[in-house]
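The chain contents come next:
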Amino acid sequence: MSETQEVTPYEQIGGEAAVRRLVDRFYEVMDTDPVAAGVRAIHQPDLRDAADKLFMFLSGWLGGPPLFVEKYGHPALRARHMPFRVDTRMRDEWLYCMYKAMDEQLGEQPALREHLEQAFMRTADFMRNVEG
């Protein structure tokens, strides 16, 4: 890798295995933490499909292989979330799960953590489709 080539968040996190661990922990929090009951309720009982799709999406979104795009095409995140009522509470519950998973998976990488928190917040906020 040349000195001018930037290291992607995907690489900083630790690549495929680390992204998979992050996603698995995210859905474990969603599935077990009462704080996330609202966002958990809009998911299917079995979270495996959602976990696979989030893993594929995050892989490309973080700068790794574009697995989601290769399999499903453009993510069109907002359109894919329109069937669900996504309000501020849903956004915040989703972020709670992700931030909790990041706490356990990222270790001492404050710059990466801050970058990802901001990026996740912008993306999650964009998914809101109802006021409140």
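Residues numbered from 1 in each chain as written. Predicted model: local features only at pLDDT ≥ 70, side-chain atom pairs only at ≥ 80, totals over all residues. Heavy atoms only, no water.

Peer 1: Can you walk me through the packing of helix α2 (residues 15–32) against helix α4 (residues 48–61) in this structure?
Peer 2: For any two helices packed against each other, the geometry is given by the interaxial angle and the distance between the axes. Where α2 contacts α4, the axes come no closer than 9 Å and their chain directions differ by 135°. Taken together, the axes of α2 and α4 lie oblique to each other. The hand of the α2/α4 crossing is right-handed. Together, Glu 16, Val 19, Arg 20, Val 23, Phe 26 and Tyr 27 of α2 and Ala 50, Ala 51, Asp 52, Leu 54, Phe 55, Leu 58 and Ser 59 of α4 make up the contact between the two elements. When the residues that make up the contact of α2 with α4 are grouped by side-chain class, the tally is nine nonpolar, one polar and three charged. (Axes fitted to C-alpha atoms, helices over the stretch in contact; angles between N-to-C directions. Helix = DSSP H or I, 4+ residues; strand = E, 2+ residues; numbered from the N terminus. Parallel < 35°, antiparallel > 145°, perpendicular 65-115°, else oblique. Left-handed = near helix turned anticlockwise from the far one by under 90°. Contact = heavy atoms within 4.5 Å. Nonpolar A, V, L, I, M, F, W, Y, C, P; charged D, E, K, R; others polar.)

Peer 1: Would you mind going over α4 with me for this structure?
Peer 2: Residues spaced three or four apart along an α-helix face the same direction, because each turn holds 3.6 residues. Look at α4: 20 Å from first C-alpha to last across 14 residues, which is about the 20 Å you get at 1.5 Å a residue. For α4, the complete set of buried residues consists of Ala 51, Leu 54, Phe 55, Met 56, Phe 57, Leu 58 and Ser 59. In this structure, the buried residues of α4 make contact with α1 (9–13), α2, α5 (67–72), α6 (77–81), α7 (88–105) and α8 (110–126). Once α4 finishes, Gly 63 follows within two positions and takes phi at roughly 105°, a positive value. (Expected span 1.5 Å × (residues − 1). Buried < 20%, exposed > 50% of the residue type's maximum accessible area, 1.4 Å probe, protein only.)

Peer 1: Looking at this structure, how should I read the pattern of salt bridges?
Peer 2: Side chains bearing opposite charge may pair, as long as their charged atoms lie close to each other. On inspection of all chains with the given rule, the structure shows 14 salt bridges. The residue Arg 25 makes a salt bridge to Glu 28 at a minimum N-O spacing of 3.0 Å. A residue pair is termed a helical-turn pair when its members lie 3 or 4 positions apart in one helix, as Arg 25 and Glu 28 do in helix α2 at three residues. Overall, the relative accessible area of 17% leaves Arg 25 in the buried class. We classify Glu 28 as partly exposed; its relative accessible area is 44%. A network of salt bridges, in which partner residues are shared, links Arg 91, Asp 92, Asp 125 and Arg 128. (Salt bridge = Lys/Arg side-chain N within 4 Å of Asp/Glu carboxyl O.)

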